[in-house]
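Observations on the model geometry
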Amino acid sequence: MTRGNQREKAREKNLKEQAGSKKKNTQSGTEFQRTKEQQAEIMRQKQAQAEAKRAQEAAAKK
């Protein structure tokens, strides 16, 4: 019966790992698109700030 115990322990461990794994996307199409657009806007702002900083540093060197 020791093998049965090992199987039970392995099964419990596997269930625990599956519960912790990432699930499928639960957002609808419009929610996903809105999130994507928000993230893109944040990246555009970061890029604009970086470009402004580079331009400022370039002007300071001249």
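This report concerns the structure included in the present document.

Analysis parameters
- Residues numbered from 1 in each chain as written.
- Predicted model: local features only at pLDDT ≥ 70, side-chain atom pairs only at ≥ 80, totals over all residues.
- Heavy atoms only, no water.
- Helix = DSSP H or I, 4+ residues; strand = E, 2+ residues; numbered from the N terminus.
- Buried < 20%, exposed > 50% of the residue type's maximum accessible area, 1.4 Å probe, protein only.
- Salt bridge = Lys/Arg side-chain N within 4 Å of Asp/Glu carboxyl O.

1. Quick look at the environment of Ala-59
Along the chain, Ala-59 turns up in helix H2 (residues 29–61). For Ala-59, a relative accessible area of 53% translates into the label exposed.

2. Observations concerning the pattern of salt bridges
A full pass over the atoms with the stated rule returns 2 salt bridges. Among the salt bridges present, the one from Glu-8 reaches Arg-11, with a minimum N-O distance of 2.7 Å. With Glu-8 and Arg-11 both in helix H1 (residues 2–20) and 3 residues apart, the pair spans about one turn of that helix. We classify Glu-8 as partly exposed; its relative accessible area is 39%. Among the salt bridges present, the one from Glu-41 reaches Arg-44, with a minimum N-O distance of 2.9 Å.

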